[in-house]
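Structural overview
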Amino acid sequence: MNPVVIDTNCLLQIIARKSPYRPIWDAFLSGRYELCVSNEILDEYQEILGRQITPTIAENVVLLILNQENVQFVNPHFRLNLITADPDDNKFVDCAFAASADFLVSEDNHFNVLRKMAFPKLNLVTLDEFMKTGLVANS
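Each chain has its residues counted from 1, running along the sequence as written. Only residues with pLDDT of at least 70 get local features here, since the model is predicted, and only at 80 or more are side-chain atom pairs given and counted; chain-wide, interface and lining totals rely on the full set of residues. Note that water and hydrogens are dropped before the side-chain values are worked out from all heavy atoms of the structure.

**Examining the sheet that holds strand 1 (residues 3–6)**
- One open sheet accounts for 5 strands, arranged 3-2-1-4-5; its pairing is parallel. The open sheet is flanked by strand 3 (71–73) and strand 5 (124–125), the only strands paired with a single partner.
- Bridging between strand 2 (residues 34–37) and strand 3 involves 3 bridges; their strand directions are parallel. Paired with Val37 across the bridge in strand 3 is Phe73.
- Sitting on the sheet, helix 5 (residues 90–98) touches strand 1, strand 2 and strand 4 (103–105), and the angle it makes with strand 1 is about 180 degrees. In this scheme, strands are said to pair when DSSP sees at least two bridges between them. Under the scheme used here, helices are H or I runs from DSSP no shorter than 4 residues and strands are E runs no shorter than 2 residues, and both carry numbers assigned from the N terminus. By the convention used here, residues are in contact when the closest approach between their heavy atoms is within 4.5 Å. Interaxial angles span 0 to 180 degrees and are taken between N-to-C directions of axes, which are lines fitted to C-alpha atoms, for helices over the stretch in contact.

Below is the structure:
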């Protein structure tokens, strides 16, 4: 199964029912890829979704993630500290590296520094790019 890390800003976009990116969420729910998360990532998902939508929806989304079989829980034992502009984003980088993720999905410009690094080589993609992978339902 293909391991994938999804930044919180992208999670917000993919869970909306009328979002053009909803097929990414549906692909996760149908087991087409493995979502990689750490405790830090789950905490941020719950915090930001609770603030942007409602605490109840945030809790339901996190519980849904926790109950899916295609979730890999990652406990990074190191901090690469590759993103200096917003160090809080490093939790996603560390998770992707520790999980050997096939994709790190983000729309956040702070992640663009990863595109210039030879090591660690992380496959940073936008939502549009991820939609074009074979992991999302073929259109």
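**Brief notes about the nonpolar core**
- Take the buried Ala, Val, Leu, Ile, Met, Phe, Trp, Tyr and Cys residues and link them wherever side-chain atoms come within 4.5 Å; each set so joined is a nonpolar core. Partly exposed residues are those whose accessible area sits between 20% and 50% of the maximum for their type, while under 20% is buried and over 50% is exposed, using a 1.4 Å probe and protein chains only. Counting 42 residues, the largest nonpolar core has Ile6, Tyr45 and Phe130 as the members making the most contacts within it.
- Phe130 has contacts with Val4, Ile24, Tyr33, Phe103, Val105, Val125, Leu135 and Val136, leaving out every residue within four places of it along the chain.

**What to know about the packing of helix 1 (residues 8–15) against helix 3 (residues 39–52)**
- Interhelical geometry of helix 1 versus helix 3 gives an angle of 55 degrees and a closest axis separation of 10 Å. It follows that helix 1 is oblique to helix 3 by the angle criterion. In this structure, helix 1 meets helix 3 at a crossing whose hand is right-handed. Across the interface between the two elements, Thr8, Leu11, Leu12 and Ile15 from helix 1 touch Glu44, Tyr45, Ile48, Leu49 and Gln52 from helix 3.
- Classifying every residue of the contact of helix 1 with helix 3 gives 6 nonpolar, 2 polar and 1 charged. Small angles under 35 degrees read as roughly parallel and large ones over 145 as roughly antiparallel, with 65 to 115 read as roughly perpendicular and the rest as oblique. The crossing is said to be left-handed when, going from far helix to near helix, the turn is anticlockwise and less than a right angle, and right-handed when the turn is clockwise. Residues are grouped as follows: Ala, Val, Leu, Ile, Met, Phe, Trp, Tyr, Cys and Pro are nonpolar; Asp, Glu, Lys and Arg are charged; every other residue, Gly included, is polar.

**A closer look at helix 2 (residues 22–29)**
- Buried within helix 2 are the following residues: Arg22, Ile24, Trp25, Ala27 and Phe28.
- Buried positions along helix 2 lie against strand 1, helix 1, strand 2, helix 4 (55–67), strand 3 and helix 6 (127–131).
- A positive backbone phi angle near 80 degrees is found at Gly31, which sits one or two residues after helix 2.

**A closer look at a nonpolar patch on the surface**
- Here, patches come from residues exposed beyond 30% relative accessible area and free of salt bridges, joined within 9 Å for like charges and within 5 Å for nonpolar side chains (Val, Leu, Ile, Met, Phe, Trp, Tyr). Here the accessible surface of atoms and residues is derived via Shrake-Rupley with a 1.4 Å probe, and residues count as covered only by protein chains that are part of the display. Within this document, salt bridges are pairs made up of a side-chain nitrogen of Lys or Arg and a carboxyl oxygen of Asp or Glu, the two lying within 4 Å of each other. There is a patch of nonpolar side chains on the surface, built from Leu63, Leu66 and Phe73 and spanning about 270 Å² of accessible area.
- Within the element layout of this structure, Phe73 appears in strand 3.

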